[in-house]
Amino acid sequence: MSYLETTHNVYKEAALTPDVGLCCTTNPIWELPGLTIPKIMQEMNYGCGSTVHARDLSRSPKILYVGVGGGMELLQFAYFSRQKQGVIGIDVVDEMLEASAKNFIEAEEKNDWFQKEFVDLRKGDALNLPVKDNSIDVAAQNCLFNIFKAEDLKKAIDEMYRVLKPHGRLVMSDPTCEQPMNDTLRNDERLRALCLSGSLPIADYVKALTDAGFGTIEIRARKPYRVLDPKNYPTEELIYIESIEVAAIKDPMPEDGPCIFTGKAAIYYGEQDFFDDGKGHTLLKNQPLAICDKTAQALKDLGRDDIYFSESTYHYDGGGCC
């Protein structure tokens, strides 16, 4: 049995019998005017963060969500889209699609604004999406890509890049881990399916996105997720896993490399009203400016003593140098 078959079976079981503890997120459930999320959707929330951000969802975008779970994030996306088939939900597990469709009937009863036709549920594989090229404004996945091994991860990211419109964005939440994991953990198919042993370091995760051609990467949040301890897992040391929320934007790749925002800022405190580096970056006096890691290094290389640089906060909410 391949690891993907093991994953299929895990989520088949989770569709037939909701498993509240399958994934764990510190994100609160969205509370928006007129939005009521059925309890069953909350119980089947198999993500590790949130991919729903209001600033991504203006002007009724066409949205793709891969790995439908109980339909909770699909419902949240539909709240912003509110158009027939405005949200496409794709899953390879028949039972999960059936459970989600059933949950939308309840969601329609609880939400006057919602029609189940807002969501187009499709049987499909993340490695071969049944979606046209350049047709999606916002694509999302939650706690799915970490399951894939390297070759399949590349295919999944390439597929998302293919279906996105120019300047469209791929919004994700996935576990990451900066510590090395032993081969026993890495090769445990069930632990990988449970979103534990497939976790990558953030730098490797970002590189997989930029290798696919995404020119702008935003790391929006970094949060505690799980621990793998020696008493319960095949490891000699405690392994700490975090979840990150990331947006990869289908911008053209800059000649000098991608813009990767990890929550850094620069503050100019010199004698003039502003500092202009002549390359499109203007720092107003005593006003923090969000900067990508590439710009931070370029400004540091100037060797000035009147610019302060913050460390990466791994929290970025837009704006700044690019």
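Check the entry above for the structure.
Note that the coordinates shown come from a computational prediction; the quantities given were computed from them, not determined experimentally.

Caption draft 1: Examining the sheet that holds strand β13 (residues 307-309) more closely. Pairing is antiparallel in the open sheet, where three strands are placed in the order β12-β9-β13. Looking at strand neighbours, the two that pair on one side only are β12 (289-291) and β13, the edges of this open sheet. Each neighbouring strand pair of the sheet contributes to a mean axis angle of 30°, computed without reference to strand direction. Strand direction decides the pairing type here: strand β9 (residues 264-268) and β12, joined by three bridges, are antiparallel. Looking at β12, one finds that Ala266 is bridged to Leu289.

Caption draft 2: Layout of the side chain of Gln141. Counting through the fold element by element, Gln141 comes out in strand β4 (residues 136-142). The exposure class assigned to Gln141 is buried, which follows from its relative accessible area of 0%. Polar side-chain contacts of Gln141 include one of 2.9 Å to the backbone nitrogen of Leu144. Among the polar contacts listed, one links the side chain of Gln141 to the backbone nitrogen of Phe145, at a separation of 3.1 Å.

Caption draft 3: Region of interest: the packing of helix α1 (residues 3-16) against helix α4 (residues 94-110). For the pair α1 and α4, interaxial distance at closest approach is 8 Å and the crossing angle is 25°. As far as their axial angle goes, α4 and α1 are roughly parallel. Here α1 and α4 pass one another in a crossing that is left-handed. Residues Tyr11, Lys12, Ala14, Ala15 and Leu16 of α1 form the contact with α4, whose own contacting residues are Glu95, Met96 and Ala99. A breakdown of the residues in the contact of α1 with α4 according to their chemical character gives six nonpolar, no polar and two charged.

Caption draft 4: Main features of the pattern of salt bridges. Counted according to the given criterion, the structure contains 18 salt bridges. Between Lys12 and Glu95 there is a salt bridge whose closest N-O contact spans 4.0 Å. In this pair, Lys12 is assigned in helix α1 and Glu95 in helix α4, connecting sequence segments 83 residues apart. Asp56 serves as the salt-bridge partner of Arg169, at 2.9 Å between the closest nitrogen and oxygen.

Caption draft 5: Quick look at the sheet that holds strand β8 (residues 259-261). An order of β3-β2-β1-β4-β5-β7-β6-β8 is seen for the eight strands of this open sheet, with the pairing classed as mixed. Each end of this open sheet is capped by a strand with a single partner; those strands are β3 (119-123) and β8. Put simply, the sheet's adjacent strands are angled 20° from each other on average, direction ignored. Docked against the sheet, α4 engages β2 (87-91) and β3, running at close to 165° with respect to β3.

Caption draft 6: Seen up close, the nonpolar core. By size, the foremost hydrophobic cluster in this structure holds 82 residues, and its most contacted members are Leu64, Phe145, Leu170 and Leu209. For this core, the leading source of residues is helix α3 (residues 72-81), giving six residues. In this view, Leu209 contacts Ile157, Leu170, Met172, Phe214, Ile217, Val246 and Ala248; residues no more than four positions away in its chain are not counted. Of all hydrophobic cores here, the second largest spans 15 residues; its members include Leu283, Leu299, Ile307 and Cys321.

Definitions and cut-offs
Residues numbered from 1 in each chain as written. Predicted model: local features only at pLDDT ≥ 70, side-chain atom pairs only at ≥ 80, totals over all residues. Heavy atoms only, no water. Pairing = 2+ DSSP bridges. Helix = DSSP H or I, 4+ residues; strand = E, 2+ residues; numbered from the N terminus. Axes fitted to C-alpha atoms, helices over the stretch in contact; angles between N-to-C directions. Buried < 20%, exposed > 50% of the residue type's maximum accessible area, 1.4 Å probe, protein only. Polar contact = N/O pair within 3.5 Å; in protein donor to acceptor, adjacent residues only side chain to side chain. Parallel < 35°, antiparallel > 145°, perpendicular 65-115°, else oblique. Left-handed = near helix turned anticlockwise from the far one by under 90°. Contact = heavy atoms within 4.5 Å. Nonpolar A, V, L, I, M, F, W, Y, C, P; charged D, E, K, R; others polar. Salt bridge = Lys/Arg side-chain N within 4 Å of Asp/Glu carboxyl O. Core = buried A, V, L, I, M, F, W, Y, C linked by side-chain atoms within 4.5 Å.

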